[in-house]
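A closer look at the structure
Below are the chains, spelled out letter by letter.
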Amino acid sequence: MMNVHTSEEMAPLTDARSLADRLQRELLPGARLVMAWRADGNGDSGLSVLDASAEAIAFARRLLDGALPNEAPGSTLATAWAMADGTRVAVVAEPATPVADSLRADWPRLVRGMATACLQLRRAQERMVALRKSEQLQQALYEIGDLAGSDLDMPDMLRRIHAIVDGLMYAKNFYIVLYDDVRDRMNFLYFADERDPFVADPDVEFGADDMPDSITLALLRHGEPLQGTTDDIRQQLGMSAPQAAALADPPGTGPESEDWLGVPMRRDDRVCGAVVVQSYDRPNCFGEEERALLLFVAQHILTALDRHRAREELERRVEERTRALQQSNRDLQAEIVERQRAERLQRALFRIAELSITAESLERFYAHVHDVVGELLYARNFYIALLSEDGGFLEFPYSIDERDIARPARKLSSGLTEYVIANGRPLLADRARIDALGVQGLARSMGALAFCWLGVPLYRDDNVVGVIAVQSYSPAIMFTVRDQELLTFVAHHISIALARKQAQDRLVSAHAELEQRVEVRTRELAATNAELLQQIGERLRAEQQLTHQARHDALTGLPNRNQLLDRLAAAIATARQDPSRLFAVLFLDLDRFKLVNDSVGHSAGDELLVEAGQRIVSMVRAGDTVARLGGDEFAILIEGLEGQYMAEELARRILGALGQPCWIAGREVFPSASLGIALWHARYRNGMELLRDADAAMYRAKAAGRDRLAVFDEDMREEAVKILDLEADLRRSINGDGFVAYYQPIVQLDSGRVVGHEALLRWRHERRGLLIPPDFIGLGEDSGLIEAVDWVVYDQVAARLAQGTDGYVSINVSPRHFRSPEFADRLLRLLATHRADPSQLRIEITEVALLDDVPRALRMLRTLRSHGVVAQLDDFGTGYSALSYLHRFPIECLKIDQSFVAGLAGETRPESEAVIRAIQALAGTLGIHTIGEGIETALQRDVLRELGCSHGQGFLFGFPAEAMVQSPERVASH
């Protein structure tokens, strides 16, 4: 269809007059004129009229269709031609005055030249306008793409996208909605409007019930672009006019628009949202060009939203995995601390057992017991009280106290010690509790009043015979429930050792024993007085150094953790203001430092810590901070780094300096350290997080072999993912056939006869092959799946027993099972289901399971024993060794831990023999036989047999296998 243009509409961009007006002025002043053109290829057609008659306009159109110019009526001038690009042009003029023949002859040539030039100029200007629009659109798309990859939050990014769209077209009133086509719900992600006061909340959804007259919701359901006034759009969609009450509702039923344009956003051919612009005072503001432009831009906006949300989701997942890694690290630290505590306690208990045999006298025995207790808890004020033979007096055979130098024997009264003896239970009392007992008339403090008092009863044959007590005269030192449990546990072993020692000492003359005690007591009191004087001097010096020690380590004089965290906070604040600033934290831990403490003493360990601190300080720059965090841990804050390589170079220099030998306590020591590096990153919120990651890197270095460094990276986060994968495999294997029972024979050491088997857990992993418990038991316990795995093995063992076998089969039962009151009944039901003989089943439990809940454990073992299932104490010698409880529990035998059996060969043989001999002696008094675990050589078997061990198991007799070994010949060949 041809368009009729006024003179202003068709004029070149540099001239306000139309083509026809220009031709009239240049060639035929005063004439009425019409110019028409048509280009079939590019669709450029037009008609420029200057006062021409209808006949002239019609003739011009016929010329475009092929009519000849000489067919023009009357004095009308006409010409038609084709331009080089194929455009057909026709010009018809109606002169106001007669035209000379010369002008009539030249007129077609002049008209063609001028008209052709005007059309070419007009097309060139249109191409320039189109090119500028294309450049603007391309720049806008680049900016939208950049915003998608930026770290702006969603509201800021959407505001900038709005500004970009407003630069391309009229978009003062602009909003973006997201749509769930399954639920038919939408939410306004962004909303900006000059008149509508609605405030968008991206988390609030709207549906047809909320906005029944919403054009926006209708657009989303329609799925195609819509443009026009709001009334026109409702008519197009067949919607009724909104009710008067709805005109004040939220968007979609807001103010009426003179022009409204909305385009859907699509993802995989499904409508997932829309972009809308509208005008309240400019009708016909949007056309086909704006519709195509907004539709194109909308898809790029959707892409930007998807990229922005994908980045946010990635950051969320990274944060979750980081938290999981942190939790794993905290659990590992707790496990290490607990294991160290168990080792200290185990050493103390064996030392007490040894003292009952090796101590020269009871006084020396008490003193050594005091030392042992002092290693486990605060015991500066410590005493042992015993009932006299007639039970009427309270005697104090051993007492060390800062204030009550002597504790003479006294008649039983209402003291705290007597209160514990009368009740037969431990007492933990602070000053308020002591006062309350006094007010109630139950007990009162005898001697100096303590801030905190802890006493536990000593038993002999289930009768209370005395009390072990510790107390504190300072409010800064208070005992805890854990201290009470620990002292209670130790007291049971002290009771046994004390009874044995007293029996030995009764053979000595009463007069000689009295003189020896007086002499020992005099020396102890002198030592206590000297120690008291020394402590007074130390306290005076400590008061003078209090201010300094608040921010410095007392041993090395280096900054402490508090000062380091303050400096880290300042470094983080500086780095946030200047992103070019880079710093790092180095976390250092001395390797095998505990060995130095245990071998040459804590004072030598302190010397090594001071020397290590001095060496580290000598390697860093003047502005760096070296701090001691506690124990053998140091941290270094280095600022002004150019890159990671500078931190690694400094770390290597520090490791090199620490690796040089030094003399400590007369011995040449070759120290080393493991070092972790955490570089500053904007994700860190405080210094503790930097220390945490540097600490994690340090443990990675220590695990890799010590004396090296490691830099915290994403691999450490990915380790948590591997743990999750293994847990998923564990769950699948429980429901499948991945777990199997392997059987290792138990033999008589004298005859080699097989008396039973121990059922051992194995996992046939689909990718990693056959796994042993250390490869997955920790994960099973952390996830709570180990109980289900155990019951799979128990079921296999019961089925195997039902098939018939010589001897018994023992299964391992963890403390977790013993916490369940239904364990015994469930195990017996399982045996009954398979029709297996309960007398052929043994359960192996650890000492921890016995002490977790003594009454419950006792009931459970008695229930099983009454049905023929007896218990064996596994890994004996590595736990608490609660021999005071063994006579109360129906225990069949003790299994000597393989670590002691392994020590029978080599330099540790004397220590291992002493431990095994003690175990044999203690077990023998209760009529309990023993089984040696982990026997791999004939030498170990022979030594165990000589020490009195009657049974054993290990690789010497057979490797764990699915099939049971039934004869000595098969054991030997196995």
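Residues numbered from 1 in each chain as written. Predicted model: local features only at pLDDT ≥ 70, side-chain atom pairs only at ≥ 80, totals over all residues. Heavy atoms only, no water.

1. Some points on the overall build of the protein
Helices and strands together make up the secondary structure of the protein, namely 31 helices and 32 strands. In terms of C-alpha radius of gyration, the protein reaches 47 Å, well past the compact-globule figure of 30 Å for 974 residues. In terms of overall dimensions, the protein has a C-alpha envelope of 165 × 80 × 65 Å along the principal axes. By the burial criterion, 48% of the 974 residues in the protein qualify as buried. In the protein, once contacts between residues fewer than 6 apart in sequence are set aside, the share between residues at least 24 apart is 64%. When the accessible surface of the protein is split by element, carbon and sulfur atoms take 51% of a total near 47700 Å². Distance between charge centres in the protein, computed from 109 positive and 144 negative side chains, equals 2 Å. (Helix = DSSP H or I, 4+ residues; strand = E, 2+ residues; numbered from the N terminus. Rg over C-alpha atoms; globule rule 2.2 N^0.38 Å. Buried < 20%, exposed > 50% of the residue type's maximum accessible area, 1.4 Å probe, protein only. Contact = heavy atoms within 4.5 Å. Areas by Shrake-Rupley, 256 points an atom, 1.4 Å probe, with all protein chains shown as cover. Lys, Arg positive; Asp, Glu negative; His and termini not counted. Charge placed at Lys NZ, Arg CZ, Asp CG, Glu CD.)

2. Re the environment of Arg22
Its location among the elements puts Arg22 in helix H2 (residues 19-27). A sequence separation of 10 residues divides Arg22 from Arg32, and the C-alpha atoms of the two residues are 12 Å apart.

3. Examining the state of the cysteines
By the definition in use, this model includes 0 disulfides. Lacking any disulfide linkage, Cys949 is separated from the closest cysteine sulfur, that of Cys893, by 9.2 Å. Under the relative-accessibility criterion, Cys949 is labelled buried at 3%. (Disulfide = S-S within 2.5 Å.)

4. With respect to the pairing of strand S7 (residues 185-192)
The side chains of a regular strand alternate between both faces of the sheet. The buried count for S7 comes to 7 of 8 residues, which makes it a mostly enclosed element. As paired elements, strand S6 (residues 173-180) and S7 share 7 bridges and run antiparallel to each other. Across the sheet, Tyr175 pairs through a bridge with Phe191, a residue of S7. (Pairing = 2+ DSSP bridges.)

5. Some details on the pairing of strand S31 (residues 929-932)
For strand S30 (residues 891-896) and S31, the ladder comprises 4 bridges, and the chain directions are parallel. What sits directly across from Lys895, in S31, is Ile931. Where S31 and strand S32 (residues 951-952) come together, 2 bridges link them in parallel fashion. Its bridge partner lying in S32, Ile931 is registered against His951. Read from S31 through helix H30 (residues 938-946) to S32, the crossover connection turns out right-handed. (Right-handed = clockwise from strand over helix to strand, strands pointing away.)

6. Some remarks on the nonpolar core
Grouped together as the largest cluster of nonpolar side chains are 75 residues, with contacts concentrated most on Val797, Ile811, Phe818, Phe823, Ile843, Ile845 and Leu861. Take this core: its biggest share by element is 8 residues, from helix H22 (residues 786-803). Beyond its immediate sequence surroundings of up to four residues, Ile811 is in contact with Ala759, Tyr794, Val797, Leu827, Leu841, Arg842, Ile843 and Glu844. Ala575, Leu582, Leu586 and Ile664 belong to the second-largest nonpolar core, a separate cluster that totals 56 residues. (Core = buried A, V, L, I, M, F, W, Y, C linked by side-chain atoms within 4.5 Å.)

7. Observations concerning a nonpolar patch on the surface
A surface patch of nonpolar side chains, amounting to about 310 Å² of accessible area, comprises Leu533, Ile536 and Leu540. Turning to its location among the elements, Leu540 is positioned in helix H13 (residues 510-544). (Patch = residues over 30% accessible without salt bridge, like charges linked within 9 Å, V, L, I, M, F, W, Y side chains within 5 Å. Salt bridge = Lys/Arg side-chain N within 4 Å of Asp/Glu carboxyl O.)

8. Considering the domain arrangement of the protein
Under the domain assignment used here, the protein contains domain 1 (32-132), domain 2 (149-234 + 255-358), domain 3 (378-511), domain 4 (555-713) and domain 5 (725-953). Look at where the C-alpha atoms of domain 2 and domain 4 centre, and you get two points 43 Å apart. Contacts between the two partners involve 7 residues from domain 2 and, on the opposite side, 5 residues from domain 4. Across the interface of domain 2 and domain 4, roughly 540 Å² is buried in total on both sides, 50% from carbon and sulfur atoms. Among the residues of domain 2 in contact with domain 4, Gln326, Asn329 and Gln333 are the three that bury the most area, contributing 54% of the side total. Put simply, domain 2 and domain 4 have 0 salt bridges between them. On inspection of domain 2 and its partner domain 4, the count reaches 2 residue pairs in polar contact (both at pLDDT 80 or more). For the side of domain 2 that touches domain 4, the per-class residue count stands at 2 nonpolar, 4 polar and 1 charged. (Domains from an automatic or database assignment. Buried area = accessible area lost by both parts, 1.4 Å probe. Polar contact = N/O pair within 3.5 Å; in protein donor to acceptor, adjacent residues only side chain to side chain. Nonpolar A, V, L, I, M, F, W, Y, C, P; charged D, E, K, R; others polar.)

9. Quick notes on the sheet that holds strand S13 (residues 410-411)
Strand order across the open sheet formed by 6 strands is S13-S12-S11-S16-S15-S14, with antiparallel pairing between neighbours. Of all the strands in the sheet, the pair left with one neighbour each is S13 and strand S14 (427-430). Of the pairings in the sheet, the one linking strand S12 (residues 393-400) to S13 comprises 2 bridges and is antiparallel in character. Bridging across to S13, Phe393 finds its partner in Lys411. Most of the contacts of helix H10 (residues 416-423) go to strand S15 (residues 452-460), to which it runs at about 40°, and overall it touches strand S11 (382-387), S12, S13, S14, S15 and strand S16 (463-472). (Axes fitted to C-alpha atoms, helices over the stretch in contact; angles between N-to-C directions.)

10. Some thoughts on the sheet that holds strand S9 (residues 259-267)
Here 5 strands make up an open sheet; going across it, the order is S7-S6-S10-S9-S8 and the pairing antiparallel. The open sheet has two edge strands with one neighbour each: S7 and strand S8 (226-228). Between one strand and the next, the sheet's axes are offset by a mean angle of 15°, whatever the strand orientation. Of the strand pairs in this sheet, S8 and S9 are connected by 3 bridges, and their pairing is antiparallel. When the sheet's bridge partners are listed, Leu226 is paired in S9 with Gly262. Along the sheet face, helix H5 (residues 154-168) touches S6 and S7 and points at about 65° away from the line of S7.

11. A look at H2
When you tally the buried positions in H2, you get 7 out of 9 residues, the bulk of the element. Turning to H2, its buried residues are Leu19, Ala20, Asp21, Arg22, Leu23, Gln24 and Leu27.

12. Observations concerning the packing of helix H6 (residues 215-222) against helix H7 (residues 230-237)
Where H6 contacts H7, the axes come no closer than 11 Å and their chain directions differ by 40°. Judged by the inter-axis angle, H6 sits oblique to H7. Our pair here, H6 against H7, has a crossing hand that is left-handed. Within the contact between the two elements, H6 uses Ile215, Ala218 and His222 and H7 uses Thr230, Ile233, Arg234 and Leu237. Residues that form the contact of H6 with H7 fall into these classes: 4 nonpolar, 2 polar and 1 charged. (Parallel < 35°, antiparallel > 145°, perpendicular 65-115°, else oblique. Left-handed = near helix turned anticlockwise from the far one by under 90°.)

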